[in-house]
Amino acid sequence: MTDTREVYKSRELLHNLTLRELRGKYKGTALGWLWSLINPLATTAIFTVVFSTVMRVEPPVGVNGLHNYSLFLLCGLLTWNFMAGAFQTGMGSLVANGNLIKKTYFPRRLLVISNVAAAFVSYAIEMLVLVIIFLAFRVNVLPYVPLMLLVMLLLGVFALALALMLSVVNVYFRDIAHFVTLFMQLWFYATPIIYPISLIESTRGNGGWADSLRIADIYQLNPMVGFVESIRDMMYAGRLPDWQPIAYCVVVTVILLWIGNRVFGRMEKRLAEEL
């Protein structure tokens with residue numbers, strides 16, 4: 001609560017730091033904020049060609065008979081890109097602002113929070129565009145928008161929890177950033193983004209090695225499965241998500257946020273010396 005009050009008292013500084021991150025994100029580029037849309041659309045086009053056309057990964061049938069791999073992919077890809085981007089930029093925010101930390105005192109958490117907040121603004125814009133695209137395909141996702149916003153905010157807190165924990169660790173052990181980069185590649189393919197979760201569920205009871213190792217059960221421990229599938233259920237499938245994955249995501253997020261805040265509080269005292 002003390003940390004929360006400290007952040008609240010510095011809310012104006014947090015606002016300014018967030019604006020700084022937003023303004024500097026595409027500073028000096030000709031297309032500016034259009035890059036936040038071009039990048040995921042280009043990635044979607046590449047993945048669609050590779051996985052839908054070449055490898056023939058079939059997306060499930062969505063609401064109103066929707067059968068579109070690009071829309072199926074975008075629901076998961078935008079969600080993943082936000083989490084990964086917020087987590088990794090937040091993790092590197094202390095090192096990137098070492099000179100600022102050395103000059104004056106302010107709540108160091110603000111640097112991490114501002115990076116995650118700036119990433120969330122980009123994510124919200126991208127999801128707004130995706131809502132418009134779904135409406136163009138005559139899929140009415142508007143009734144699910146309030147719940148989607150809650151899931152998106154929960155995902156933002158999840159990314160913040162991870163960033164808080166590892167941003168301060170990254171100051172003392174710089175190798176952690178390289179390990180995280182490798183881990184994120186594995187985590188990406190361990191999340192149902194480019195393939196439907198039914199491929200994993202189909203391993204249950206088939207007698208194969210994946211069934212014997214209970215891969216489908218272990219797979220569900222990945223909290224990003226709940227986040228991605230919840231967004232996809234509301235947008236692509238046109239239904240309310242199951243409450244169990246969301247409840248699991250809430251529990252994991254709360255635990256990680258508590259751990260991340262404790263780790264940050266214990267290790268932030270010597271940040272100026274280490275930087």
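Quick note: structure is the one above.
Now for a description of the structure that goes with this document. No experiment lies behind these values; they were computed from the predicted model shown. (Residues numbered from 1 in each chain as written. Predicted model: local features only at pLDDT ≥ 70, side-chain atom pairs only at ≥ 80, totals over all residues. Heavy atoms only, no water.)

1. Notes on helix H4 (residues 69–91)
It helps to recall that an α-helix has 3.6 residues per turn; residues three or four apart then point in one direction. Stated precisely, the cut-off is as follows: Numbering goes from the N terminus for both helices and strands, where a helix is a DSSP run of H or I of at least four residues and a strand is a run of E of at least two. By this rule, a helix spans an expected 1.5 Å times one less than how many residues it contains. Note on classification: 1.4 Å probe, protein chains only; a residue is buried when its accessible area is under 20% of the maximum for its type, exposed when over 50%, partly exposed between these limits. Residues adjacent in sequence count toward polar contacts only when both atoms are side-chain atoms; beyond that, a polar contact is any pair of N or O atoms within 3.5 Å, and within protein one must be able to donate a hydrogen and the other to accept it.
Along its 23 residues, H4 runs 32 Å from first to last C-alpha, staying within 8% of the 33 Å computed at 1.5 Å per residue. Most of H4 is tucked away: 18 of the 23 residues are buried. At the N-terminal end of H4, a side-chain oxygen is found 3.0 Å from the backbone nitrogen of Ser70, two or three residues along, and the residue is Asn68.

2. Considering the packing of aromatic side chains
In plain terms, the rule: Note on aromatic contacts: the rings of Phe and Tyr and the six-membered ring of Trp form a pair at centre separations within 6.5 Å, being stacked when their planes are under 30 degrees apart, edge-to-face when over 60 apart, and tilted otherwise. Only when the NZ atom of a Lys or the CZ atom of an Arg is both within 6 Å of the ring centre and within 35 degrees of the ring normal do we say a charge sits over the ring.
Counted under the stated rule, the structure contains eleven aromatic pairs. Ring centres of Phe82 and Phe120 lie 5.8 Å apart, and the angle between their planes is 70°; on these two criteria the pair is classed as edge-to-face. Here Phe82, found in helix H4, pairs with Phe120, found in helix H7 (residues 109–136); they are 38 residues apart in sequence, far enough to count as distant. For Phe82, a relative accessible area of 4% corresponds to the buried category. Summarising the aromatic geometry, the rings of Phe120 and Tyr123 are spaced 6.4 Å apart at their centres and angled 75° between planes, so their arrangement reads as edge-to-face. Of this pair, Phe120 and Tyr123 both sit in helix H7, three residues apart, which is roughly one turn of that helix. Each member of the pair, Phe120 as well as Tyr123, is classed as buried. The structure contains a cluster of three or more aromatic residues connected by ring pairs, namely Trp80, Phe158, Phe183, Trp187, Phe188, Tyr189 and Phe227. Over the face of the ring belonging to Phe72 we find Arg232, whose NZ or CZ atom lies 3.8 Å from the ring centre.

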